[in-house]
Amino acid sequence: MMEWTNAIVQGVLLGGLYALFAAGLSLIFGVMRLVNIAHGDLIVLAAYFGLTTSVMLGVHPFAALMVVVPLMAGLGYVLQRGLLNRTLGDDILPPLLVTFGLSVIIQNALLESYSSDPQKLSGGAIETASLQIGGLALGVLPLLTFGIAVVVIALLQWIFYATSLGRGFRAVSDNQDIAQIMGFNKAHVFGLAMALALAVTAIAGILLGIRTSFDPSVGGGRLIFGFEAVIIGGLGNLWGTLAGGVILGVAQTIGAKIDPGWQLLAGHIVFLIVLAVRPNGLFPRVDH
Amino acid sequence: MPDTLLALNGLDAHYGDFQALFGVDMEVHAGEVISIIGANGAGKTTLMRSITGLMRNTAEQINHLGQPIGRLRADQVAHRGIAMVPEGRQLFPSLSIEENLLVGGKVGRTGPWSLSKVYDMFPILAERKGQKSMSLSGGQQQMVAIGRALMANPDLILFDEISLGLAPVVISDIYKALPDIIGEGMTAMLVEQDISRALQVSSRVYCLQEGRVSLEGRTGDVSRDDITAAYFGVTT
Amino acid sequence: MTTAFVTRSTRASRIAMIIAVLALIVLAAAPWWAGRADLRLMGEIFLYLALACLWNLMAGYAGLVSVGQQAFVGFGGYMLFALTMFGGLHPVVAILAGGVLAAIVSVPIAILVFRLRGAYFAIGTWVVAEVFRLSFAQVSSLGGGSGSSLPVDVVRSLADSRSGREALAYWLALGAAVVVIGVVYAFLRTRRGLALTAIRDSEVAASGLGIDIWRTKLEVYVVTSAFTAIIGGLIFLQKLRISPDAAFSVNDWTAFVIFIVVIGGIGTLEGPIIGTLLFFALRETLADYGTAYLIALGAVAIVVMLKAPKGVWGLIRDRFDIELFPLSYRVRTRDDHQGN
Ligand SMILES: Nc1ncnc2c1ncn2[C@@H]1O[C@H](COP(=O)(O)OP(=O)(O)O)[C@@H](O)[C@H]1O
Ligand SMILES: [Mg+2]
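The model shown is predicted, which means the values in this text are computed figures rather than measured ones.

Conventions used here
- Residues numbered from 1 in each chain as written.
- Chains lettered and ligands numbered in written order.
- Predicted model: local features only at pLDDT ≥ 70, side-chain atom pairs only at ≥ 80, totals over all residues.
- Heavy atoms only, no water.
- Helix = DSSP H or I, 4+ residues; strand = E, 2+ residues; numbered from the N terminus.
- Buried < 20%, exposed > 50% of the residue type's maximum accessible area, 1.4 Å probe, protein only.
- Contact = heavy atoms within 4.5 Å.
- Areas by Shrake-Rupley, 256 points an atom, 1.4 Å probe, with all protein chains shown as cover.
- Near = heavy atom within 4 Å.
- Polar contact = N/O pair within 3.5 Å; in protein donor to acceptor, adjacent residues only side chain to side chain.
- Nonpolar A, V, L, I, M, F, W, Y, C, P; charged D, E, K, R; others polar.
- Donors = N, O, S within 2.8 Å, 3.2 Å for Na, K, Ca; no water.
- Core = buried A, V, L, I, M, F, W, Y, C linked by side-chain atoms within 4.5 Å.
- Domains from an automatic or database assignment.
- Axes fitted to C-alpha atoms, helices over the stretch in contact; angles between N-to-C directions.
- Parallel < 35°, antiparallel > 145°, perpendicular 65-115°, else oblique.
- Buried area = accessible area lost by both parts, 1.4 Å probe.
- Salt bridge = Lys/Arg side-chain N within 4 Å of Asp/Glu carboxyl O.
- Pairing = 2+ DSSP bridges.
- Right-handed = clockwise from strand over helix to strand, strands pointing away.
- Phe/Tyr/Trp six-rings, centres within 6.5 Å; stacked < 30°, edge-to-face > 60°.
- Lys NZ or Arg CZ within 6 Å of the ring centre and 35° of its normal.
- Expected span 1.5 Å × (residues − 1).
- Bend = angle between axes of the 7 residues up to and from the residue.

S.K.: With reference to specific residues and values, describe the overall build of chain C.
M.R.: Summing up its helical and strand segments, chain C has 16 helices and 4 strands in all. Across the 340 residues that make up chain C, the buried fraction comes to 53%. Here the analysis covers contacts within chain C between residues at least 6 apart in sequence; of these, 78% occur between residues at least 24 apart. Summed over its atoms, the accessible surface of chain C is roughly 14,800 Å², and 65% of this surface lies on carbon and sulfur atoms.

Next comes the structure, spelled out in structure tokens:
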């Protein structure tokens, strides 16, 4: 019994990481209806940036966030204004295929510069530290990851619903033409949204890199986890995305408990079941 | 010779292969109210979309305060002080009423209009400021749309069929408020299906027919028959 | 006197037809004139060509942009292994049976993933492919995660000599490419096919024509999946070895295919052919550069998508107004006087 409780709790905490994978995806879709196929590769790119920063400056990966978050945000802005804005429109093919091309470019650029050897960010003592709570040993790192996920989502929620930046995001998302005649430069607003999304991606990448080893090919899997969390939780609902991440995480840890080979499969199957019975996700946004 | 605020010089507009405006010439002087009339599909909305920068034009086709603005983006045009109350109101559904108004003030121009001035003019909006715009009646939504445009403190305000889909008594109320709205040194262009209302509040009129100006003149100088002819393209 | 008439065929299309028939005869004779390595390469080219035509039918005509077709490539490959090893079927029969099974499996999958729109559909199909990969990795009788080789007696049942087997694999690949191109072309010329083009150009207009969009898309998805599985079977008949990672590789069976179609010209029949030739020409000359080659490929695809969305073929067509596979009707005038 205790083992199962433990699996569930570990799954919940893992869900925090998946919610961080998903938050950027969700935000971008919400503001500009763009689905970024390269999202997972950008998470991995952030992990590599974290690696280089912490090795070169000799600092803890968390301190590397000070460099990687602004770096990824800047990259997001430039990417959006320089490339992705050109793909937006009624046709769904250009954004899809361009971000797909981007995914291949990032993967191979990483292979070229870092090789295919697995890498890891060393988090030091925090990686093995754990707290005893009610007979369960909870890792400090997973707890911290989950806490960060909650804070990030609360922050995004606040930006979206309580700041003028967020008002701009929602206005542009509602009606691009009218938002423009109110003085919003659509290209700039989209650039800011992508910058924010990739800032979150930077955090996700560093936490991923401390938790497990990574190599240039793992981006696709991270994209899929994020995507599943978004769909399970319901499109356009950030707290729903956290719930979606938690459900996915729990499904995976329970699957792994039954048979180690079942970890990923169990997550995908739960996703497909949700898609079959609740195609709009468990917590779809209710507005208008 | 009054100051020319806005001049259209041979303005064309296209939707793909379809041409909606053909060489429209127009002049709007500071402080005047002009009305633009024409049948459905004549190109009135297209004209307003062109002025606000939502359609692609060549630079010289639109002049604002002596400068060519035809190639500016819509947000740049907005910052120059041109605002629009769009056809069908087009409020932002996921924003509250107050947020809709605040978005209108995004350009940050100074002037007589502020949140509290808008609420003074439409007290019902103050009572409901936290609600989503879609919970309002059509007339109240139109107040939000007007308030949102005023929040930009524009020099030139474009109204596209503000009476569309509203009850007659509501239309009367809005037209009663119009002089107060346009009052303070603002210039206005008014698109309206209801010709007599349009003529009442404006000093000059342009009639569009199939994308071309078919009539222009002072409201006092044009007769009903002139308008009917220009409107429907029939000569009597 | 000039008379106007409506026709699909053009001079270019008739010439192309003649050249194609001649080329086909030469290609069919390849086992007698080509070396072993060249034969293998050409077989691979034909199989990629078939995959590209199929993906183009789905994405370019039916608007079903899948990044999960590796599910069916791998499925077809595994069916070849399973049905020959445990069912005792002849490999060619097993490959065809794999196609039928893929069609059956694709129906519930379609019902599920069709609930997702646009790019979400794309990622949804990828999830399905992952489910396939992870599931086949669980089947220990097929070698689990490390995979297995086709048993010698199964390989022998194809032909006694090695060269005989290689010739057969080559002819099967060539035949598959011809059949796929033929089927796609024939389908696009039917009423349903024209409906598909209508869907691509405007869903609203298509539903106005009384076309059941969902059903038409389902048909395309099922047919494409079946053929993709057959091609998958042929791919692994060439390789003689299968593993989950190779069978369900998103890079090999989807990324490359997408690049072929995008560069050649998505939504055109000629595009996949040109794209395949360009892709292999690039690969054979630049493959030594490894990752740099793939980076360049990604960049070329992006540039093409943004600057010439109809690909290389689109550029050629706009410039010369030719169509090798005539789908559109044209009004032509025939000049009855000679010499003018
Ligand atoms: N988005 C569009 N795409 C294609 N044609 C349009 C579009 N909007 C308007 N039109 C066409 O342009 C012409 C002018 O339309 P519009 O400016 O809306 O007229 P009005 O406002 O005077 O009723 C009409 O023939 C209309 O069908
Ligand atoms: Mg109109």
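The discussion continues.
S.K.: Which residues make up the site of ligand 1, and what values do they have?
M.R.: Residues and elements named next belong to chain B. In the vicinity of ligand 1, the residues found are Tyr15, Phe18, Ala20, Ala39, Asn40, Gly41, Ala42, Gly43, Lys44, Thr45 and Thr46. Between ligand 1 and Gly41 there is a distance of 2.7 Å, counted from an oxygen atom to a backbone nitrogen or oxygen. Here an oxygen atom of ligand 1 and a side-chain polar atom of Thr45 are 2.7 Å apart. Burial of ligand 1 by the surrounding chains reaches 60%, relative to a free accessible area of 550 Å². Mapped onto the shell around ligand 1, the elements with two or more residues apiece are strand 2 (18-29) and helix 1 (44-51). Considering each element in turn, the shell around ligand 1 owes the most residues, 3 residues, to helix 1. Of the residues in the shell around ligand 1, the class split is 5 nonpolar, 5 polar and 1 charged.

S.K.: Explain the coordination of the magnesium ion (ligand 2) to me, using residue names and the numbers behind them.
M.R.: Residue and element names in this part refer to chain B. Only Thr45 (OG1) and Glu87 (OE) from the protein reach the magnesium ion (ligand 2) as donors, at distances of 2.0 to 2.5 Å. Separated by 42 residues along the polypeptide, Thr45 in helix 1 and Glu87 in the loop between strand 6 (82-85) and helix 3 (97-104) bring together distant segments of the chain. A relative accessible area of 26% means that Thr45 is categorised as partly exposed.

S.K.: Which residues make up the nonpolar core, and what values go with them?
M.R.: Of all hydrophobic cores here, the largest spans 238 residues; its most connected members are B:Leu47, B:Met189, C:Trp55 and C:Tyr221. Sort the elements by how many residues they give to this core and helix 3 (residues 36-61) of chain C lands first, with 17 residues. The residue makeup of this core includes at least three contributed by each of domain 1 (37-248) and domain 2 (250-321) of chain C. Beyond its immediate stretch of four places on either side in the chain, C:Trp55 contacts A:Leu97, C:Gly60, C:Val65, C:Ser66, C:Gln69, C:Val257, C:Ile258, C:Val261 and C:Ile266. Within the second largest apolar cluster, 36 residues are counted, among which are B:Val85, B:Val144, B:Ile146 and B:Leu190.

S.K.: Help me get a handle on the packing of helix 13 (residues 250-264) of chain C against helix 16 (residues 311-320) of chain C, residues and values and all.
M.R.: For any two helices packed against each other, one specifies the crossing angle of their axes together with the interaxial distance. All names here are of chain C. Where helix 13 contacts helix 16, the two axes come as close as 3 Å, and the packing angle between them is 15°. With respect to helix 16, the element helix 13 is oriented roughly parallel. Where helix 13 approaches helix 16, its residues Val262, Ile263 and Gly264 are matched on the opposing element by Gly311, Val312, Trp313 and Gly314. For the contact of helix 13 with helix 16, the per-class residue count stands at 4 nonpolar, 3 polar and no charged.

S.K.: Describe in detail the interface of chain A and chain C, supporting the description with residues and values.
M.R.: With 42 residues of chain A at the contact, the number on the chain C side is 36 residues. At the boundary of chain A with chain C, total buried surface from both sides reaches about 3,500 Å², with 84% on carbon and sulfur atoms. Contact with chain C buries surface across chain A, with A:Leu97, A:Phe100 and A:Phe227 losing the most and accounting together for 17% of the total. Our count for the contact surface shared by chain A and chain C stands at 0 salt bridges. Applying the counting rule to chain A against chain C returns 4 residue pairs in polar contact (both at pLDDT 80 or more). Put simply, the parts of the chain that give the side of chain A that touches chain C at least two residues each are helix 4 (93-114), helix 9 (219-233) and helix 11 (263-277) of chain A. Residue contributions to the side of chain A that touches chain C peak at 15 residues, all from helix 4 of chain A. Class assignment of the residues belonging to the side of chain A that touches chain C gives a composition of 31 nonpolar, 7 polar and 4 charged.

S.K.: Residue-level account of the sheet that holds strand 5 (residues 67-68) of chain B, with values.
M.R.: Ordered by their spatial adjacency, 4 strands build an open sheet running 2-1-4-5 (chain B), and the pairing between neighbours is antiparallel. Looking at which strands have only one partner, the edges of the open sheet turn out to be strand 2 and strand 5 of chain B.

S.K.: An account of the side chain of B:Asp75 is needed here, citing residue identities and associated values.
M.R.: Along the chain, the position of B:Asp75 falls in helix 2 (residues 74-79). Residue classification places B:Asp75 among the buried residues on the basis of a relative accessible area of 5%. The contact partners of B:Asp75, leaving out residues within four places of it in the chain, are A:Gln180, A:Gly183, A:Phe184 and A:Asn185.

S.K.: Outline the pairing of strand 8 (residues 187-191) of chain B, listing residues and values.
M.R.: All names here are of chain B. Counting buried positions over the 5 residues of strand 8 gives 5, a clear majority of the element. Burial along strand 8 is two-sided: the face carrying Thr187, Met189 and Val191 and the face carrying Ala188 and Leu190 are both buried. Note: strand 3 (residues 33-38) against strand 8, 4 bridges, orientation parallel. From the neighbouring strand, Ser35 faces strand 8, where its bridge partner is Leu190. Chirality of the crossover, the property in question, places the unit of strand 7 (residues 156-160), helix 7 (residues 168-183) and strand 8 among those that are right-handed.

S.K.: Describe the side chain of B:Ser163, listing the residues and the values that go with them.
M.R.: Residue and element names in this part refer to chain B. One can find Ser163 in the loop between strand 7 and helix 7. A residue is classified by how much of its surface remains accessible, and Ser163, at 13% relative accessible area, is buried. Not counting residues up to four positions away in its chain, the partners in contact with Ser163 are Ile171 and Glu192.

S.K.: Account for the packing of aromatic side chains, with residues named and values stated.
M.R.: Summed over all chains, the structure comprises 29 aromatic pairs over all chains. Plain terms: the ring middles of C:Tyr48 and C:Phe279 are 6.0 Å apart, the flat faces sit at 40° to each other, and that makes the pair tilted. Placement of C:Tyr48 in helix 3 and of C:Phe279 in helix 14 (residues 270-286) is noted, with a sequence separation of 231 residues between them. Across this residue pair, the class does not change: C:Tyr48 and C:Phe279 are buried. With a centroid separation of 6.3 Å and an interplanar angle of 70°, the aromatic rings of C:Phe132 and C:Phe248 are classed as edge-to-face. Taken together, the positions of C:Phe132 in helix 6 (residues 118-138) and C:Phe248 in the loop between helix 12 (244-247) and helix 13 put the pair 116 residues apart, joining distant regions of the chain. Of the two residues examined, C:Phe132 and C:Phe248, each falls in the buried class. Its guanidinium or amino end placed over the ring of B:Trp113, B:Lys117 lies 5.2 Å from that ring's centre, counting from NZ or CZ.

S.K.: If you had to explain the sheet that holds strand 10 (residues 212-218) of chain B to someone new, which residues and values would you point to?
M.R.: Residue and element names in this part refer to chain B. Reading across the sheet, the 6 strands line up as 6-7-8-3-9-10 and stay open at both edges, with mixed pairing between neighbours. Taken across any chain shown, the strands that pair with only one partner, and hence form the sheet edges, are strand 6 and strand 10. Across the sheet, the mean angle separating the axes of adjacent strands is 15° when strand polarity is ignored. Across the sheet, helix 6 (residues 138-150) is in contact with strand 6 and strand 7; its angle to strand 6 comes to roughly 175°.

S.K.: Talk me through helix 7 of chain B; I want residue IDs and the actual numbers.
M.R.: Residues and elements named next belong to chain B. Between its first and last C-alpha atoms helix 7 spans 23 Å; for 16 residues at 1.5 Å apiece the expected length is 22 Å, and the two agree. Where helix 7 bends most, at Ala177, the angle is about 35°, and the proline Pro179 comes one to four residues later. All buried positions along helix 7 are accounted for by Ile171, Ile174, Tyr175, Ala177, Leu178, Ile181 and Ile182. If you follow the buried residues of helix 7, they end up packed against strand 3, helix 4 (115-121), helix 6, strand 7, strand 8 and helix 8 (195-201).

S.K.: Provide a residue-level description of the pattern of salt bridges, including the pertinent values.
M.R.: Going through the model one piece at a time under the given rule, you end up with 16 salt bridges over all chains. One salt bridge connects B:Asp173 with B:Lys176, and the closest N-O pair in it is separated by 3.8 Å. One end of the pair is B:Asp173 and the other is B:Lys176, both in helix 7 and 3 residues apart, which spans about a single turn. Judged by relative accessible area, which is 43%, B:Asp173 ranks as partly exposed. Linked through salt bridges whose partners overlap, the residues forming this network are C:Arg36, C:Arg162 and C:Glu166.

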